[in-house]
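The primary structure of each chain is shown beneath.
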Amino acid sequence: MSPQGQRDAPDSAYSWLRLALSLLLGTIACVGTWSVVVVLPAVQAEFGTLRAGASLPYTCVMLGFGFGNIVMGRIADRYGIVVPITGGAILLAAGYILAGLSGSLWQFALAHGLLIGIGGGAGFAPLIADLSHWFRRHRGLAVVFGASGSYLAGVIWPQVITWGLQSHGWRATHIGIGIVALAVMLPLAPFFRRRPAAETLAAAEISSAGARGDLGLSPNRLQGLLALAGFCCCVAMAMPQVHIVAYCGDLGYGVARGAEMLSLMLFLGIISRIGSGFVADRIGGAATLALGSLMQGLALFLYLWFDGLRSLYIVTGIFGLFQGGIVPMYAVIIRDYLPPREAGMRIGIVMSATIAGMAFGGYVSGLIFDVFASYRMAFLNGLAWNLINLAIVGWLMLKAKPKLQAASNTAF
């Protein structure tokens, strides 16, 4: 193999460098899904609205993020990942500057939905799909590392934004975020011009077609099941992620404690995601997804019984460890069973379903709080949706051929 061919081969040194830069891009681009959570109480006070109304910008940004994942993924399939990265940087900068200048809740929400959300979509599904082409032996690990950018954003940005709120106010903080996104993402875009070799894609096509035959489901039916499962699990996931800051404020612990818990949740979620990649490379994405769903349900159950400050830190940490690896497993399953040349769009569709679940879960949790003046029913609602997800992924796990068994059969 020529030096150029070795560099373009899956799992090469270039592939790992591409992974590292993708992680950085994802961390910057996914700021929008977390910034709105931290400023929720400030926005509620600024515009004089109820908790459900203050949750509306989060719903808008998640819907825009979901749409952005599909559109940016399709663009990446056709033109490469450079175009989505460049477009995402411009949209994020414009969105944050306009959000910082907004004069009403609706202007704030529209800036998040139409600009920040869509722009942020460039840093999730398209990057995950792109990385999946550059790894074969360590694909599960690469996918979860790529997806960890959204969680790393949740570890870093809430602390930065909390400092910005206290020092400069939420408006100046938003304008500053937009400038940082543009300054970091645009210079990195040219590095991603190289595209995977045709031979690599052809081999992946043959592998996925064979695996799909073993599963016994058509591509669209499998994608539909994954989208439904992703929606359900993320409705459940949204309750702690979206409302933990406000929940701590209501309990009298303060917004800063809630931001710390959110960062703890997402930091441990990164560990969970990385661990799930190792597990997926051993037992397959479907089994790993079922395990994560079961453990997430257990963590939600614990929230019903513990609301002391110390116990909330513990339960939040447990939740982060249990749920962090769930969402990337949908991408692993898609790359194992669905056509690789459509990876950007197909991963984008399923990721958008998970994001729609987060949007719906975040809003409905606020609505339930307004009705019952308590988050207990909201936690029960999340647990019910998690049980639906567990039923779907459990069935899918039973249909999928275990990875170790498949490898054993191939050896003989």
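Shown above is the structure to which this text applies.
Residues numbered from 1 in each chain as written. Predicted model: local features only at pLDDT ≥ 70, side-chain atom pairs only at ≥ 80, totals over all residues. Heavy atoms only, no water.

1. Some details on the overall build of the protein chain
Part 1 of the argument: In terms of regular secondary structure, the protein chain is built from 19 helices and 0 strands.
Part 2 of the argument: Expressed as a percentage of the 412 residues in the protein chain, the buried residues total 58%. (Helix = DSSP H or I, 4+ residues; strand = E, 2+ residues; numbered from the N terminus. Buried < 20%, exposed > 50% of the residue type's maximum accessible area, 1.4 Å probe, protein only.)

2. Observations concerning the nonpolar core
One recurring pattern in soluble globular proteins is that nonpolar side chains are buried together.
Part 1 of the argument: Counting residues in hydrophobic clusters, the biggest one holds 109 residues, and the most contacted among them are Y330 and I347.
Part 2 of the argument: The dominant element in this core, judged by the number of residues it contributes, is helix α12 (residues 219–250), at 15 residues.
Part 3 of the argument: Excluding residues that lie within four positions of it along the chain, I347 makes contacts with A125, I128, A129, A331, I334 and R335. (Core = buried A, V, L, I, M, F, W, Y, C linked by side-chain atoms within 4.5 Å. Contact = heavy atoms within 4.5 Å.)

3. Examining a nonpolar patch on the surface
Part 1 of the argument: Taken together, the side chains of Y363, L367, V371, F372, M377 and L380 define a hydrophobic patch exposed on the protein surface, amounting to about 530 Å² of accessible area.
Part 2 of the argument: The set of elements that each furnish at least two residues to the nonpolar patch consists of α17 (343–372) and α18 (376–399).
Part 3 of the argument: Counting residues per element, the nonpolar patch draws most heavily on α17, at 4 residues.
Part 4 of the argument: Examined against the element boundaries, F372 turns out to sit in helix α17.
Part 5 of the argument: For F372, a relative accessible area of 48% puts it in the partly exposed group. (Patch = residues over 30% accessible without salt bridge, like charges linked within 9 Å, V, L, I, M, F, W, Y side chains within 5 Å. Areas by Shrake-Rupley, 256 points an atom, 1.4 Å probe, with all protein chains shown as cover. Salt bridge = Lys/Arg side-chain N within 4 Å of Asp/Glu carboxyl O.)

4. Quick notes on the packing of aromatic side chains
Part 1 of the argument: Using the criterion set out here, one finds 17 aromatic pairs in the structure.
Part 2 of the argument: Arranged with centres 4.8 Å apart and planes meeting at 10 degrees, the rings of Y303 and F379 form a pair that is stacked. Of the two residues, Y303 is situated in helix α14 (residues 285–303) and F379 in helix α18; the sequence distance between them amounts to 76 residues. The two residues Y303 and F379 agree in class, both being buried.
Part 3 of the argument: Note that R194 overlies the ring of Y14, its terminal NZ or CZ placed 4.7 Å from the centroid.
Part 4 of the argument: Over the aromatic face of W305 sits the side chain of R376, whose NZ or CZ is 5.6 Å from the ring centroid. (Phe/Tyr/Trp six-rings, centres within 6.5 Å; stacked < 30°, edge-to-face > 60°. Lys NZ or Arg CZ within 6 Å of the ring centre and 35° of its normal.)

5. Remarks on the packing of α12 against α14
Part 1 of the argument: Between α12 and α14, the least distance of the axes is 11 Å, while the angle of their chain directions is 45 degrees. When the axes of α12 and α14 are compared, the pair comes out oblique. The hand of the α12/α14 crossing is left-handed. Of the residues in α14, those touching α12 at C233, A236, M237, P240 and I244 are Q296, L300 and Y303.
Part 2 of the argument: Taken together, the residues of the contact of α12 with α14 sort by class into 7 nonpolar, 1 polar and no charged. (Axes fitted to C-alpha atoms, helices over the stretch in contact; angles between N-to-C directions. Parallel < 35°, antiparallel > 145°, perpendicular 65-115°, else oblique. Left-handed = near helix turned anticlockwise from the far one by under 90°. Nonpolar A, V, L, I, M, F, W, Y, C, P; charged D, E, K, R; others polar.)

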